[in-house]
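So the chains spell out like this:
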Amino acid sequence: MRKQIVAGNWKMNKDYVDSEILVSKLLSYHKHSSTEVIIAPPFTNLLAAVNTLKGSSIEVAAQNMHFAENGAYTGETSVLMLKSIGVQAVILGHSERRAYFNETDALLAKKVDTALAHDMRIIFCFGEELKDRKAGNEKAVVESQIKNALFHLPSAAWGQIVLAYEPVWAIGTGETASPNQAQDMHAFIRKTLADNYSEALADGVSILYGGSVKPSNAKEIFSKTDVDGGLIGGASLDAAQFTDIVNAF
Ligand code: PGA
């Protein structure tokens, strides 16, 4: 059976000291459960988070990585660097990376390949913009995003992939997709996987919902059949709120 996962994407928030305070609080609030918990602090705080969380069941992910293993890419961070400090997972394809850093499906496919070549787990994000939804194109957009970046992969690679559907219009806006809108899209994503691979593979892939998930709406969203958890932005910066969301299953 697929896993239930709650992941916190801290984005460009929390300096070193504040990050350690948040990690320690999360650790003290955390109870062992069947829900997997992942946090993605900024690069400068990853090593400390890995060390503080050693021996706990909270995992640490990076928010991005370059497709090359090393080289002349000023300001970038490679998969080898992440692995060398004990980071085993990475978020790729976040809509903010696509919008502000021009990350395309083709570039993301390269990052995915590099991450997988080094056994990294990937939380792969995608989702339509408001204009797509208004035009009724949301499913076509989502389908092309996942096909272009992921459907070249062999079946075996999917054990390392978690999908995160994040409608851009719901990120940081306070507006969430309704639980039924989320379920409808998640079911479509799972069917697309089943059509291109197999029912069994589609059944085993966790699909998270992201976009203004809060303690007050998490339970209803997570109760939907094809929603296997959430990728949480704003509410992941507060230990109590994030823990409430983790416990919403
Ligand atoms: P949000 O962000 O929860 O603040 O809407 C979600 C995300 O961008 O992953």
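Scroll up for the structure.
So, here's what we can say about the structure. Only a predicted model underlies this, so the values are computations on that prediction, with no experimental measurement involved.

As for the packing of helix H5 (residues 105-117) against helix H7 (residues 138-150)
Right, on to step 1. For the pair H5 and H7, the least separation of the axes is 7 Å and the interaxial angle reads 45°. Taken together, the axis directions place H5 and H7 in an arrangement best described as oblique. Considering how the two elements wind past one another, H5 and H7 form a crossing that is right-handed. Residue-level contacts link Asp105, Leu108, Ala109 and Val112 of H5 to Ser144, Gln145, Asn148, Ala149 and Leu150 of H7.

Re the pattern of salt bridges
Right, on to step 1. In total, this model carries 19 salt bridges according to the counting rule given.
Right, on to step 2. We note a salt bridge from glutamate 103 to arginine 97, for which the minimum N-O separation is 3.0 Å. Accessibility classification places glutamate 103 together with arginine 97 in one group, the buried group.
Right, on to step 3. Salt-bridge contacts for aspartate 184 lead to lysine 139; the nearest nitrogen and oxygen are separated by 2.8 Å. Placement of the pair is aspartate 184 in helix H8 (residues 179-196) and lysine 139 in helix H7, with a sequence separation of 45 residues.
Right, on to step 4. Classification of aspartate 184 as partly exposed rests on a relative accessible area of 41%.

Rules used throughout
Residues numbered from 1 in each chain as written. Predicted model: local features only at pLDDT ≥ 70, side-chain atom pairs only at ≥ 80, totals over all residues. Heavy atoms only, no water. Axes fitted to C-alpha atoms, helices over the stretch in contact; angles between N-to-C directions. Helix = DSSP H or I, 4+ residues; strand = E, 2+ residues; numbered from the N terminus. Parallel < 35°, antiparallel > 145°, perpendicular 65-115°, else oblique. Left-handed = near helix turned anticlockwise from the far one by under 90°. Contact = heavy atoms within 4.5 Å. Salt bridge = Lys/Arg side-chain N within 4 Å of Asp/Glu carboxyl O. Buried < 20%, exposed > 50% of the residue type's maximum accessible area, 1.4 Å probe, protein only.

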